[in-house]
Amino acid sequence: MPPSKCAAIIGAVALPWLGAAIPAPPEPVAAAEPAAECAPVPSVGKYPTWQQLPKQTTLPDPWLPLAYTTTDSEGGSSPSFASDVMAGKGKNRIQTPEEWYRCRQPEILQMLQEYQYGYYPEHSKETVKATRSGNTVNIEVTAGGKTGKFSATLALPSTKPAPVVINIGGMTNQPYLQAGIAVVGFDYTKVAPDSNAKTGAFWDLYNGQDIGVLTAWAWGFHRVLDALNATVPEIDPTRVGVTGCSRLGKAALAAGLLDTRITLTMPMSSGVQGLGPYRYHGLSGQDETLENSKSGAGWWTDKTLGTFVNHAENLPYDAHTIAAAIAPRALVIDQGTGDQFTNSKGTAVIVYPAAKLVYDWLGVPDQIAMSVRGGGHCDMSGFNSVLPFVTKVLQNQTITKDYNDLGSYGSPMTTTYPWATAVPKAAKLS
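Residues numbered from 1 in each chain as written. Predicted model: local features only at pLDDT ≥ 70, side-chain atom pairs only at ≥ 80, totals over all residues. Heavy atoms only, no water.

Enquirer: Explanation requested: the overall build of the chain in the structure shown.
Expert: In terms of regular secondary structure, the chain is built from 12 helices and 10 strands. Relative to its length of 430 residues, the chain is compact, with a C-alpha radius of gyration of 21 Å against a globular reference of 22 Å. Expressed along its principal axes, the backbone C-alpha trace of the chain runs to roughly 70 × 50 × 50 Å. In the chain, buried positions account for 55% of the 430 residues. Put simply, of all contacts in the chain between residues at least 6 apart along the chain, 72% involve residues at least 24 apart. Put simply, the chain shows about 16,700 Å² of open surface, and 52% of that area lies on carbon and sulfur atoms. Computed over 32 positive and 35 negative side-chain charges, the separation of the two mean positions in the chain equals 4 Å. (Helix = DSSP H or I, 4+ residues; strand = E, 2+ residues; numbered from the N terminus. Rg over C-alpha atoms; globule rule 2.2 N^0.38 Å. Buried < 20%, exposed > 50% of the residue type's maximum accessible area, 1.4 Å probe, protein only. Contact = heavy atoms within 4.5 Å. Areas by Shrake-Rupley, 256 points an atom, 1.4 Å probe, with all protein chains shown as cover. Lys, Arg positive; Asp, Glu negative; His and termini not counted. Charge placed at Lys NZ, Arg CZ, Asp CG, Glu CD.)

Below, the structure written as structure tokens:
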């Protein structure tokens, strides 16, 4: 039986994405030539504006560093610059997986914080105190003399230590518990409300900073994981999934992106600002766009993203870039064909296959999956639809379900990412 009460002070640790809980990507036994120098990265707040970026009507090339995408870079004044960039013909593209992990992935993480999420708080300055009483874990985070508090609720299977899925907004617990997977939930509104109101544990610490609520909720996932690691020995901290649906799916995506301890990211019906494309936004659903999502809930993301309203095609990234930056860790994307709100088709036939090209190139093709199901927005059947993949990743189970099957949506729309014909040759590893 677990102890009825326990407490732990976790203290300060490194930034989440610097403390990977998974092995580093393999490196060649012998390098044929010296490592390429990383492209220069702008300083915080000094990133190119939409006016300094080419209009890209197709998905941006994930292998092209930002420094060589701007219109003031070499060749930027050429009439063919935008078409060359879109076709994978830009200069100084990433050439090897080693270069991706060393240069491009960190660049994408910073770029996404600049343009979309706001900058994640410096966790090294935080102290996390967790106290467990039965199936409730109370969490206190202190930074700069301020304290924010919230709690999480545990549902544990009989087998232990168990992998865990942390969720916000609720999910179908029982099939996961029966599969031997713990389920943990927390009230995201106690971390930050879904509004401009600056209340809740996150804003108790960071009010006044230009950070989106999606990042605040992602921070909540991470602090729950800190607390579980300290007070719940029944959970295996090396096998962790995060999930949520709709706006909470956008938050789960951010949580997986910004913390390498998370093994599996599970965004459900996430839409624009999640894994719905900013481009090609009208294929299904209600034509969710940057413009109407920013107008309806501008607090989800930072103010910088708002400067791209009516200029979304000048963004130097799209949803596939976010997905690709999670690799080599696992990602399963859930969308329903009856979703009346989000662009399920765009996610399935554009974002997923474009991101999968990067996963394939990095040598982890089986770590990304697309779950196309019937049903509408946030249909709870989605959690059953992704469960086989969850057991594969978190429990090493053998599965037969084909998560590359796009169902009634058919085949990928390869014309939306023309750089697919110019994927760099991955260096063979010895």
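Next comes the rest of the write-up.
Enquirer: What is the right way to look at unusual backbone geometry in this model?
Expert: With glycine set apart, most residues show a phi of negative sign, and most peptide bonds adopt trans. Here the amide bond leading from lysine 160 into proline 161 is cis, since omega sits at -5°, within 30 degrees of zero. Mapped onto the secondary structure, proline 161 falls in the loop between β4 (146–155) and β5 (162–167). Between alanine 327 and the following residue, proline 328, the backbone shows a cis peptide bond with an omega angle of 15°. As for its placement among the helices and strands, proline 328 is situated in the loop between α10 (319–326) and β9 (330–336). Unlike most non-glycine residues, glutamine 273 shows phi in positive territory, near 75°. Along the chain, glutamine 273 falls in the loop between β8 (264–268) and α8 (290–296). Unlike most non-glycine residues, aspartate 287 shows phi in positive territory, near 60°. Positionally, aspartate 287 belongs in the loop between β8 and α8.

Enquirer: Just to check I follow, could you spell out the packing of aromatic side chains for this structure?
Expert: To describe a pair of aromatic rings, you give the distance between the ring centres and the angle between the ring planes. What the rule picks out here adds up to 17 aromatic pairs. Ring centres 5.7 Å apart and planes at 75° place the aromatic pair tryptophan 63 and tryptophan 419 in the edge-to-face group. Of the two residues, tryptophan 63 is situated in the loop between β1 (5–9) and α1 (81–86) and tryptophan 419 in the segment after α12 (381–395); the sequence distance between them amounts to 356 residues. Classification of tryptophan 63 as buried rests on a relative accessible area of 0%. Ring pairs connect the aromatic residues Phe150, Phe186, Phe202, Trp203, Tyr206, Trp219 and Phe221, which therefore count as one cluster. The ring of tryptophan 203 is capped by lysine 198, whose NZ or CZ atom sits 3.9 Å from the centre of that ring. (Phe/Tyr/Trp six-rings, centres within 6.5 Å; stacked < 30°, edge-to-face > 60°. Lys NZ or Arg CZ within 6 Å of the ring centre and 35° of its normal.)

Enquirer: Would you mind showing me how to read helix α11 (residues 344–361) here?
Expert: Every α-helical turn comprises 3.6 residues, leaving residues that sit three or four positions apart pointing alike. When the terminal C-alpha atoms of α11 are compared, their 25 Å separation across 18 residues agrees well with the 26 Å that a helix rising 1.5 Å per residue should span. Along α11, the helix axis deviates most sharply at valine 351, where the bend reaches about 30°; the proline proline 353 sits within four residues downstream. At the exit of α11 stands glycine 363, carrying a positive phi of roughly 85°. (Expected span 1.5 Å × (residues − 1). Bend = angle between axes of the 7 residues up to and from the residue.)

Enquirer: Sorry, what's going on with helix α7 (residues 247–257) here?
Expert: Within α7, 10 of the 11 residues are buried, which leaves it mostly tucked inside the rest of the structure. Inspection of α7 places Leu248, Gly249, Lys250, Ala251, Ala252, Leu253, Ala254, Ala255, Gly256 and Leu257 among the buried residues, and these make up the whole buried set. The inward-facing, buried residues of α7 abut α2 (97–117), α4 (188–191), α6 (213–231), β7 (235–245), β8 and α10.

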